[in-house]
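The lines below spell out each chain.
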Amino acid sequence: MFAIVRTGGKQYRVAAGDIIAVEKLAGEAGDSITLDDVLLAGDGGDIKDVKGLTVSAEILGQEKGEKVIIFKKRRRHNYRRKNGHRQQHTVLKISAIGSEKAPAKAAPKKEAAPAEEKPAAKAKAAPAEKAPAEKAPAKKAAAKTETKPAAAKKAPAKKPAAKKPAAKKED
């Protein structure tokens, strides 16, 4: 099911589980809000009645949009003004449209291992997992020192040319 809602002077097509960025709304991350201004609702090609229909959403965070540069200039008058602006946004996750809730994501299934191997596998897997983690910083440190090649020996600087004696002046 989808719905078209109006908030902040703009219209958004939303479905359960969608994440959208809208004009700033009051609230903090984790708060739930309801969007009452539903313009249209439908399921596939069917249009539903929107009377009394609400869209519930959860605030994921308050963010700033991209910077917009405002530059004013008047030719031949030495007039230039530069200004920037970042609009405030609220990121929403649509949790339900009317009574229809977002589908819950299934937890990843764990592979079933034979009962005999479970304790031994955990004991062997734990040291194996720690060993690469311990080696990784050593590799990074070694990589940092190896990335800079040894400075090549430079030839000694040339001595300045010897000055020639000044020519004798004849009187």
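Preceding this paragraph is the structure being described.
Every residue gets a number counted from 1 within its own chain, in the order that chain's sequence is written. The predicted origin of the model limits local features to residues at a pLDDT of at least 70 and limits the giving and counting of side-chain atom pairs to 80 or more, whereas totals for whole chains, interfaces and linings rest on all residues. As a rule here, side-chain values cover all heavy atoms of the structure and leave hydrogens and water aside.

Asker: So what about unusual backbone geometry? Which residues, and what values?
Answerer: The phi torsion at Arg76 lies on the positive side, around 60°, for a residue other than glycine. Strands are runs of DSSP state E lasting at least two residues, helices are runs of H or I lasting at least four, and both sets are numbered from the N terminus onward. Inspection of the secondary structure assignment puts Arg76 in the loop between strand E7 (55–74) and strand E8 (79–97). The residue Asn78 is not glycine, and still its phi comes out positive at about 50°. Take Asn78: it is sitting in the loop between E7 and E8. Summary of the burial criterion: residues with accessible area below 20% of their type's maximum are buried, those above 50% are exposed, and those between are partly exposed, where the area comes from a 1.4 Å probe applied to protein chains only. Owing to a relative accessible area of 68%, Asn78 belongs among the exposed residues under this scheme.

Asker: Report on the nonpolar core, specifying residues and quantitative values.
Answerer: Across soluble globular proteins, nonpolar side chains show a tendency to be buried alongside one another. Each nonpolar core is a collection of buried residues, namely Ala, Val, Leu, Ile, Met, Phe, Trp, Tyr and Cys, held together in the definition by side-chain atoms within 4.5 Å. Ranked by internal contacts, the top residues of the largest apolar core, which has 18 residues, are Val14, Val55 and Leu92. Breaking this core down by element, the ones donating at least two residues are strand E1 (2–7), strand E2 (10–15), strand E3 (19–23), strand E4 (32–35), strand E5 (38–43), E7 and E8. Contacts of Val55, omitting those with residues within four sequence positions, involve Ala3, Val5, Val14, Ile33, Thr34, Leu35, Val38, Ile94, Ala96 and Ile97. The contact criterion used throughout is that any non-hydrogen atoms of two residues lie within 4.5 Å.

Asker: Can you break down the sheet that holds strand E6 (residues 46–48) residue by residue, with the values?
Answerer: Across the sheet, 4 strands lie side by side as E2-E1-E5-E6; this open sheet has antiparallel pairing. Every interior strand has two partners, whereas the edge strands, E2 and E6, have only one. Averaged over all neighbouring strand pairs, the angle between strand axes comes to 30°, with direction disregarded. Pairing geometry for E1 and E5, over 4 bridges, is antiparallel. Counted as the bridge partner of Ala3 is Ala41 from E5. Between any two strands, pairing holds if DSSP finds at least two bridges. Each axis is a line fitted through C-alpha atoms, and for a helix only the stretch in contact is used; angles between axes span 0 to 180 degrees, taken between their N-to-C directions.

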